[in-house]
Amino acid sequence: MRFNEKELVSLSRQPSERAAELGMKGPKKGDVVKKRLVKLVVNFLFYFRTDEEEPIGALLLEQCRVERESSHVFSIAFLDEAEKRYMFECDSEEQCGEWIDSIIKASYEFMRKNLIFYRTEIHRLTGKDPLEQYGISDETRFQVSSGLQLMPKDTMSM
């Protein structure tokens, strides 16, 4: 994947949805758990040495699986490399659950599915497509993948 390093560093300095010092272990054999400042910004998980301001890495939270490994530990694995897991140790079970929930909700695909769901519900209740006023209602990325099309309210079957 190509990326602009300066843009990523700039993004890492934006306000985060969640940030904490967590134990982190990389996906390579022999990696050990190290204390890292971990920041969730939009759909990127940045990680920093605790005494530095620039990130030492970033994970794009798309096409990945987040799993609870134990009460205080969760992992992130990418679908194309499922055997490689990033492990994160939290201070509590509650903190672990909050991180998992935030990471799941950070992905573009999660937000897209929610947009489609609420678009469909608003259309069902009002008979109007809420995206039409923005001129984007026909864009493929906002379409329901099952082939369902939004229909005027009076012709919609219940």
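What comes next concerns the included structure. (Residues numbered from 1 in each chain as written. Predicted model: local features only at pLDDT ≥ 70, side-chain atom pairs only at ≥ 80, totals over all residues. Heavy atoms only, no water.)

Regarding the sheet that holds strand β7 (residues 81-89)
- One open sheet holds the seven strands; their spatial order is β4-β3-β2-β1-β7-β6-β5, and the pairing between them is antiparallel. Since the sheet does not close on itself, it has two edges, and those belong to β4 (57-60) and β5 (64-70), each with one partner. Strand after strand, the sheet turns through a mean of 35 degrees between neighbouring axes, direction not considered.
- Bridging between strand β3 (residues 44-49) and β4 involves four bridges; their strand directions are antiparallel. Residue pairing across strands places L45 opposite L59, the latter belonging to β4.
- Lying over the sheet, helix α1 (residues 5-12) contacts β2 (34-41) and β3, oriented at roughly 85 degrees with respect to β3. (Pairing = 2+ DSSP bridges. Helix = DSSP H or I, 4+ residues; strand = E, 2+ residues; numbered from the N terminus. Axes fitted to C-alpha atoms, helices over the stretch in contact; angles between N-to-C directions. Contact = heavy atoms within 4.5 Å.)

Thoughts on the state of the cysteines
- Inspection of the entire model under this criterion finds zero disulfides.
- Free of any disulfide, C90 has its nearest neighbouring cysteine sulfur in C96, separated by 4.3 Å.
- A relative accessible area of 0% means that C96 is categorised as buried. (Disulfide = S-S within 2.5 Å. Buried < 20%, exposed > 50% of the residue type's maximum accessible area, 1.4 Å probe, protein only.)

Some points on unusual backbone geometry
- Here the phi dihedral of V42 falls at roughly 55 degrees; this positive angle occurs in a residue that is not glycine.
- Relative to the helices and strands, V42 is located in the loop between β2 and β3.
- The backbone phi angle of Q63 is positive, close to 55 degrees, even though this residue is not glycine.
- Mapped onto the elements, Q63 comes out in the loop between β4 and β5.

A closer look at helix α2 (residues 93-106)
- Here α2 is 14 residues long and its end C-alpha atoms lie 20 Å apart, about the 20 Å a rise of 1.5 Å per residue gives.
- What α2 keeps buried is the set Q95, C96, W99, I100, S102, I103 and A106. For α2, the angular spread of buried residues about the axis comes to 170 degrees, placing them on one side.
- Summarising the contacts, the buried residues of α2 are in contact with β1 (18-25), β2, β3, β5, β6 (73-78) and α3 (108-126). (Expected span 1.5 Å × (residues − 1). Arc of directions from axis to C-beta.)

A word on α1
- What α1 keeps buried is the set L8, V9 and S12. Buried residues of α1, viewed axially, fall in a sector of 100 degrees; they line one side. Away from its buried face by more than 90 degrees, α1 exposes K6 and E7.
- On its buried face, α1 sits against β2 and β3.
- The distance from a side-chain oxygen at the start of α1 to the backbone nitrogen of K6 is 2.9 Å, and the residue carrying that oxygen is N4. (Polar contact = N/O pair within 3.5 Å; in protein donor to acceptor, adjacent residues only side chain to side chain.)

Considering the packing of aromatic side chains
- What the rule picks out here adds up to four aromatic pairs.
- Taken together, a centroid distance of 5.7 Å and an interplanar angle of 25 degrees make the contact between F44 and F46 stacked. The residues F44 and F46 share a single accessibility class, namely buried.
- The ring of W99 is capped by R18, whose NZ or CZ atom sits 5.9 Å from the centre of that ring. (Phe/Tyr/Trp six-rings, centres within 6.5 Å; stacked < 30°, edge-to-face > 60°. Lys NZ or Arg CZ within 6 Å of the ring centre and 35° of its normal.)

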